[in-house]
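# Descriptive structure summary
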Amino acid sequence: MNTPLSHIRNFSIVAHIDHGKSTLADRLIQLCGGLDAREMEGKEQVLDNMDIEKERGITIKAQTVRLAYTAKNGETYTLNLIDTPGHVDFAYEVSRSLRACEGSLLVVDASQGVEAQTLANVYQAIDANHEIVVVLNKVDLPAAEPERIKEQVEEVIGIDASQAVMISAKTGLGVPDVLEAIVQQLPPPREGDATKPLKAMLVDSWYDAYLGVIVLVRVIDGVLKKGQTIRMMGTGAKYPVERTGFFTPKMIQADQIGPGEFGFITASIKEVADTRVGDTITEDKRPTEAALAGFKPAQPVVFCGLFPVDAADFEDLRSAMGKLRLNDASFSFEMETSAALGFGFRCGFLGLLHLEIIQERLEREFNLDLIATAPSVVYRLVMADGGVQELHNPADMPDVMKIAAIEEPWIRATILTPDDYLGGILKLCQDRRGIQADLSYVGKRAMLVYDLPLNEVVFDFYDRLKSISKGYASFDYHLTDYREGDLVKMSILVNDEPVDALSMLVHRTAAEKRGRVLCEKLKDLIPQHMFKIPIQAAIGGRIIARETISALRKDVTAKCYGGDVTRKRKLLEKQKEGKKRMRQFGKVEIPQEAFIQALKMGDS
Amino acid sequence: MRRDDGSPGFGVYIHWPFCAAKCPYCDFNSHVRHQPVDQERFAEAFRREMAGMRERTGPREVTSIFLGGGTPSLMKPETVGAVLDAVAANWTVPDGIEITLEANPTSVEANRFRGYRAAGVNRVSLGVQALNDIDLRFLGRMHNVTEALTAIDLAREIFPRLSFDLIYARPLQTLEAWEAELRQAIGYAADHLSLYQLTIEEGTPFYALHRAKKFAIPDPDHAADLYELTQTVTAQAGLPAYEVSNHAVPGAESRHNLTYWRYGDYVGIGPGAHGRFVEGRQRIVTIAERHPENWLAAVEQNGTGITSGEQLTSWEEADELLLMGLRLREGIEVHRYEALANRGFEPERLSFLQQQGLVESIGNSRLRATQAGMSVLDALVADLAQ
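Residues numbered from 1 in each chain as written. Chains lettered and ligands numbered in written order. Predicted model: local features only at pLDDT ≥ 70, side-chain atom pairs only at ≥ 80, totals over all residues. Heavy atoms only, no water.

### Quick notes on the overall build of chain B
Under the convention used in this document: Each helix is a run of H or I in the DSSP string that is no shorter than four residues. Each strand is a run of E no shorter than two, and both are numbered from the N terminus. Here a residue-residue contact requires only that any non-hydrogen atoms of the pair lie within 4.5 Å. Residue-level accessible areas treat just the shown protein chains as cover; the underlying method is Shrake-Rupley with a 1.4 Å probe.
Secondary structure summary: chain B contains 16 helices and 15 strands in total. Counting only contacts in chain B whose residues sit at least 6 apart along the sequence, the fraction spanning at least 24 positions is 71%. Roughly 15700 Å² of accessible area belongs to chain B as shown, and the carbon and sulfur atoms make up 50% of that amount.

Below, the structure is given as structure tokens:
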């Protein structure tokens, strides 16, 4: 039987990294008997499945856990905890997951207070019409200031914190109160009629080696059952449902999923790419009239080239990317050839963190050595003939004479920082062409809101911010719009030959400085040759920076007789082997390491 | 004395692996023994090794013999005589071929010079290394300048041919100081000089000291200046470079070393010695056990101290030919390289290197490194060998 709507609570947890979201989730699962102590043991965090999720303390894929909770009033409730990705790169997934539930726990560290990321996520929850239960965590720590943090929550976020639950997720203190607050303060699903045609939201999906694609759904109306033929309203694809069930977090099969409930289905879906987060699932023979509003496929925002260090790994890289894409349809790739780096792929990502995660997974899980080119945003080229083109790769930039204007994506960034670092951060934002939208104070911390071009942010902004603020500033952003910019393509010429992997679009005012830094770097990274090598940065035909690598003057073995020949030959063979790992530009050999280092640009 | 006919030749190398003391820069196969070495036993082992080697090379006419080390001037003249007799017993040794012995210029060793001459040695190569006492001490040498000059005088009197070695590009050595020292050396020189830049070899005491920054050697620019100066001064004095570090009055080049650089055949006899010669139809490498007493035991038990060897592929031969041949001012025979490598040099690469003034053709058949090319020869060879 389905649980009556009045006894269902669907909620997510909003928190900044390290503020205790996963620990609290574990406690809730334990208290409701989802896993016993033995099963919990040895698992750092139950919900974070991937190594990277555990290490970085972030959630990439949404998960749900169904909890059976007997409240103080004696009634048993079904609580569905939806663990959402915490990072802005996955903002769309987050917004869909949030729309699938009715309330949120806002977990705030009782000594650290509200962070930029908390803000962004809690506003999303408010946008999704959530009721919010404020949970102050780590109240047992000596540095905890729960009263001050409560005030901060009210002041900054503008929600009532008078009923905030004080807990220590670590020790378990106060956690039963959280369960009670969920039942008392959060609303049940607002609608849901088991007799109506099936209407369910596709919340997330992932690939399982044994079961194929597993789809996480929230049923709105109707009942989802084994044997039904379902239809994805966005794609039109039909599938027979093979299994239905839910997670406790163990995977439990059940005959059906009723209105208001979360659950999973498997339906011989081959690829995650066939499922789109936010899509509406209905029954093929008795479809719902209207799909859920607001469905849109995820759009890549940041692009970069990924190349195998060893050209022989190209096919392995292709297959690894294919495997990752099975589980992450928002990651895209297509083959690319670079004179500098050989064969590789142009890849699209939802953001910088997404890029980092994919790169790290490729290297770690598939044991590949990769070179990543400088990340680039998606530019919009307004052509002289009135057409509009997207530019994913600076190397593909058409003739400037044909371009009327270049538009670049802008973001709105929220930065929270202790007052001490404000000056440095303001300067950083100004240097990166930022436009200040707001500056206010949240207790002792400054809250800065800046509009910034994304291309200035992909360029090591986050690292700079961290170093300026000694790690104390927190940062979050969302895309806002495209604006025209005075952008130019800067090329790097080594011995008069352009090096495609190093060309980039930069703002005209920053070009000279960035060109100079890059030339200086390359001067140190490219080994001396038997002739001198000019290194130039150029915009069109105009040279804006120049360095010269002087010619090698001395490189000869002084003493070489009969006995040495074998050793000398082996050295020569090694040298020849080493040359294979270099890229030839005209007469110049550039070690791959030079590209890796040059692209890992410091600030400029 | 026999003239060089330009052929690669067939040389016999004999390695005497002992030194009175180990020099801190040296990574050669040399060992210090505090008990007297049983020279008769070693001589007998050299004889056995040679007899075995003769089986492999077949009858050949020897173009040069070289006694190197270690310190062969620690050998008794009788031992040298015995070894040279063994060479003659196994291969044809025409009268007047070059027979070199490496010697240290200490008074003890100079006392044996007449004995070596009587045994058949007609050329000595003296390890003078420096003409100032401070640097001689730094280099760990056991002689001083006075002793070295006495040894040079004596050697000139006794031997028809004489060469000596100097090590330059020493720590803090200025162009002026080196030029003065070099001119002085040329004044003492007969018809041949070996002038090596100091290099820091792994596993030597200098390697550790240099890494610990106890001293510094000239940077590449200064080293290049010193090298250029050396080329100019020696050429003016009539001792032009015929190899990267070797200078001679034309016609007085070391026949034996030319065999190495012309990529000829040579047998290597003694601990750690390498040989390269044609056996059957294949060019092979022989490598002997390095440790002297182990080598001795191996020869006595098995009749040979050769512990490893390989057959070179023609590709490897091509690489070796290039490595060795381009060290010579006479360069390489392009034909011979092409036949071994089974390909020619890339024309575009070659013409670029010519434009850069690093290589030049001699007539239609030979290619050589220019003086500028010579000072970056390792990079040049790596480029051409691709």
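### Topic: the UniProt feature "binding site: GTP" (unreviewed entry) in chain A
All names here are of chain A. Heads up, the rule is: UniProt positions are given in the numbering used here, feature names are shortened, and annotations may be inferred rather than shown by experiment. Relative accessibility under 20% of the residue-type maximum defines a buried residue, over 50% an exposed one, and the middle range a partly exposed one, all with a 1.4 Å probe and only protein chains included.
Look at the UniProt record and you will see "binding site: GTP" (unreviewed entry) annotated at Asp 18, His 19, Gly 20, Lys 21, Ser 22, Thr 23, Asn 137, Lys 138, Val 139 and Asp 140. With respect to the secondary-structure elements, Thr 23 resides in helix 1 (residues 21–31). Positionally, Asp 140 belongs in the loop between strand 5 (131–137) and helix 6 (146–157). The class for Asp 140 is partly exposed, based on a relative accessible area of 41%.

### So, the sheet that holds strand 5 of chain A
Think of a sheet as strands paired side by side through backbone hydrogen bonds, with each pair either parallel or antiparallel. All names here are of chain A. For clarity, the cut-off: Strand pairing follows a simple DSSP-based rule, namely that at least 2 bridges must link the two strands.
Ordered in space as 2-3-1-4-5-6, the 6 strands form an open sheet in which the pairing is mixed. Of all the strands in the sheet, just strand 2 (63–70) and strand 6 (165–166) have a single pairing partner and so form its edges. As defined by bridge partners, strand 5 adjoins strand 6 across 2 bridges and the pair is classed as parallel. In the sheet register, Leu 136 faces strand 6, and the bridge partner there is Met 166.

### Focus: the sheet that holds strand 13 (residues 332–333) of chain B
Residues and elements named next belong to chain B. Taken together, 3 strands build an open sheet; the order of strands is 13-15-14 and the sheet is antiparallel. Taken across any chain shown, the strands that pair with only one partner, and hence form the sheet edges, are strand 13 and strand 14 (359–362). Here strand 14 pairs with strand 15 (residues 366–369) via 4 bridges, running antiparallel. Across the sheet, Ile 362 pairs through a bridge with Arg 366, a residue of strand 15.

### Focus on the pattern of salt bridges
Residue and element names in this part refer to chain A. Rules: In what follows, salt bridge is the name for a side-chain nitrogen of Lys or Arg lying within 4 Å of a carboxyl oxygen of Asp or Glu.
Applying the stated criterion to the full structure yields 55 salt bridges over all chains. When the shortest N-O distance is used, the salt bridge between Arg 412 and Asp 451 registers 2.9 Å. Placement of Arg 412 in strand 24 (residues 403–418) and of Asp 451 in strand 26 (residues 445–453) is noted, with a sequence separation of 39 residues between them. Using a relative accessible area of 31% as the deciding quantity, one classes Arg 412 as partly exposed. Judged by its relative accessible area of 10%, Asp 451 falls in the buried class. Arg 483 serves as the salt-bridge partner of Asp 481, at 3.3 Å between the closest nitrogen and oxygen. For Asp 481, a relative accessible area of 33% puts it in the partly exposed group.

### Observations concerning the nonpolar core
Looking at soluble globular proteins, one finds that nonpolar side chains tend to be buried together. Note the threshold: Nine residue types can take part in a nonpolar core, namely buried Ala, Val, Leu, Ile, Met, Phe, Trp, Tyr and Cys, and a core is a set of them joined through side-chain atoms within 4.5 Å.
Grouped together as the largest cluster of nonpolar side chains are 145 residues, with contacts concentrated most on Val 12, Val 121 and Leu 126 of chain B. In terms of residues, this core owes the most to one element, helix 6 (residues 145–158) of chain B, which gives 7 residues. Grouped together as the second largest cluster of nonpolar side chains are 49 residues, Met 321, Leu 368, Met 397 and Leu 454 of chain A included.

### Things to note about the packing of aromatic side chains
Using the following cut-off: Stacked, tilted and edge-to-face pairs are distinguished by plane angle, under 30 degrees for stacked and over 60 for edge-to-face with tilted covering the rest, among Phe, Tyr and Trp rings (Trp via its six-membered ring) whose centres lie within 6.5 Å. Charge-over-ring placement is defined geometrically: NZ (Lys) or CZ (Arg) within 6 Å of the ring centre, and within 35 degrees of the ring normal.
Taken as a whole and judged by the stated rule, the model has 28 aromatic pairs over all chains. Geometrically, the ring pair formed by Phe 333 of chain A and Phe 345 of chain A is edge-to-face, given 5.6 Å between the ring centres and 85° between the ring planes. Remark: Phe 345 of chain A occurs in strand 19 (residues 342–349) and Phe 333 of chain A occurs in strand 18 (residues 332–338); sequence separation between them is 12 residues. Judged by its relative accessible area of 26%, Phe 333 of chain A falls in the partly exposed class. By relative accessible area, which is 1% here, Phe 345 of chain A ends up buried. Arranged with centres 5.4 Å apart and planes meeting at 90°, the rings of Phe 18 of chain B and Phe 42 of chain B form a pair that is edge-to-face. With Phe 18 of chain B in the loop between strand 1 (10–16) and helix 1 (39–57) and Phe 42 of chain B in helix 1, the pair connects residues that are 24 residues apart, well separated along the chain. Comparing Phe 18 of chain B with Phe 42 of chain B, the two get one shared label, buried. In textbook terms, an aromatic cluster arises when at least three aromatic residues are bridged by ring pairs, as seen for Phe 314, Phe 331, Phe 333, Phe 343, Phe 345 and Phe 349 of chain A. Positioned above the aromatic ring of Phe 352 of chain B, the side-chain terminus of Lys 587 of chain A is 5.4 Å from the ring centre.

### Digging into the interface of chain A and chain B
The condition is simple: Put simply, buried area is the surface a 1.4 Å probe can reach on two separate parts but cannot reach once they are joined, added for both. Pairs of N or O atoms are called polar contacts if they sit within 3.5 Å, as long as, within protein, a hydrogen donor faces a hydrogen acceptor (for residues adjacent in sequence, only side-chain-to-side-chain pairs). Residue polarity is assigned by list, with Asp, Glu, Lys and Arg as charged and Ala, Val, Leu, Ile, Met, Phe, Trp, Tyr, Cys and Pro as nonpolar; anything else, Gly included, falls into the polar class.
At the interface, 26 residues of chain A touch 49 residues of chain B. For the pair chain A and chain B, the summed buried area comes to about 3500 Å², and 57% of that belongs to carbon and sulfur atoms. Looking only at chain A, the three residues that lose the most surface to chain B are Met 530, Arg 553 and Tyr 561 of chain A, adding up to 22% of its buried area. In this assembly, chain A and chain B are joined by 11 salt bridges. Across the pair Arg 569 of chain A and Glu 310 of chain B runs a salt bridge, and its minimum N-O distance is 3.3 Å. Along the contact surface separating chain A from chain B lie 25 residue pairs in polar contact (both at pLDDT 80 or more). Ranked by the residues each element gives to the side of chain A that touches chain B, the list is headed by helix 14 (residues 565–580) of chain A, at 10 residues. Taken together, the residues of the side of chain A that touches chain B sort by class into 9 nonpolar, 5 polar and 12 charged.

### Quick notes on the pairing of strand 3 (residues 76–83) of chain A
All names here are of chain A. Where burial is concerned, most of strand 3 is hidden: 7 out of the 8 residues are buried. Note that strand 1 (residues 8–15) and strand 3 share 5 bridges and pair parallel. The partner of Ser 12 across the bridge, within strand 3, is Ile 82. Relative to strand 3, strand 2 runs antiparallel, the two sharing 8 bridges. Considered in strand 3, the bridge of Gln 63 is made with Asp 83. Hairpin connection of strand 2 to strand 3: 5 residues between the antiparallel strands, including Gly 74 at a positive phi of 90°.

### Description of the pairing of strand 6 (residues 192–197) of chain B
Residues and elements named next belong to chain B. Taken across its 6 residues, strand 6 has 6 buried, putting it largely inside the fold. Where burial is concerned, the two faces of strand 6 agree: the one with His 192, Ser 194 and Tyr 196 and the one with Leu 193, Leu 195 and Gln 197 are both buried. The pairing of strand 6 with strand 8 (residues 246–248) spans 3 bridges and is classified as antiparallel. When the sheet's bridge partners are listed, His 192 is paired in strand 8 with Ala 248.

### Some details on a negative patch on the surface
Rules: Patch definition: residues above 30% relative accessible area lacking any salt bridge, with like charges linked at up to 9 Å and the nonpolar side chains Val, Leu, Ile, Met, Phe, Trp and Tyr linked at up to 5 Å. His residues and chain termini do not enter the charge count, which takes Lys and Arg as positive and Asp and Glu as negative. Where a charge lies is defined by one atom per residue type, namely NZ (Lys), CZ (Arg), CG (Asp) and CD (Glu).
Residues Glu 151, Glu 154, Glu 155 and Asp 160 of chain A make up a contiguous surface patch of negative charge. When you line up the elements, Asp 160 of chain A lands in the loop between helix 6 and strand 6.

### A look at the side chain of Ser 64 of chain B
Residue and element names in this part refer to chain B. Here Ser 64 is to be found in strand 2 (residues 64–69). We classify Ser 64 as buried; its relative accessible area is 0%. Within the structure, the side chain of Ser 64 is placed 2.7 Å from the side chain of His 256, a separation counted as a polar contact. Excluding its chain neighbours within four sequence positions, the residues that come into contact with Ser 64 are Phe 10, Gly 11, Val 12, Ile 97, Glu 98, Arg 255 and His 256.

### Considering the confidence of the model for chain B
This is how it is decided: Values of pLDDT, which run from 0 to 100, indicate the predictor's confidence residue by residue.
Of the residues in chain B, 99% have a pLDDT of 70 or more, and the chain-wide mean is 95. The ipTM value of the predicted complex is 0.92, and its pTM value is 0.69.

### Re unusual backbone geometry
Cis geometry is found at the peptide bond from Gly 69 of chain B to Gly 70 of chain B, where omega equals 25°. Relative to the assigned elements, Gly 70 of chain B resides in the loop between strand 2 and helix 2 (77–90). Backbone geometry at Asn 367 of chain A places phi at a positive 55°, although glycine is not the residue there. Along the chain, Asn 367 of chain A falls in the loop between helix 9 (352–365) and strand 20 (370–372). Although it is not a glycine, Gln 129 of chain B adopts a positive phi angle of roughly 75°. Accessibility expressed as a relative area gives 7% for Gln 129 of chain B, which makes it buried.

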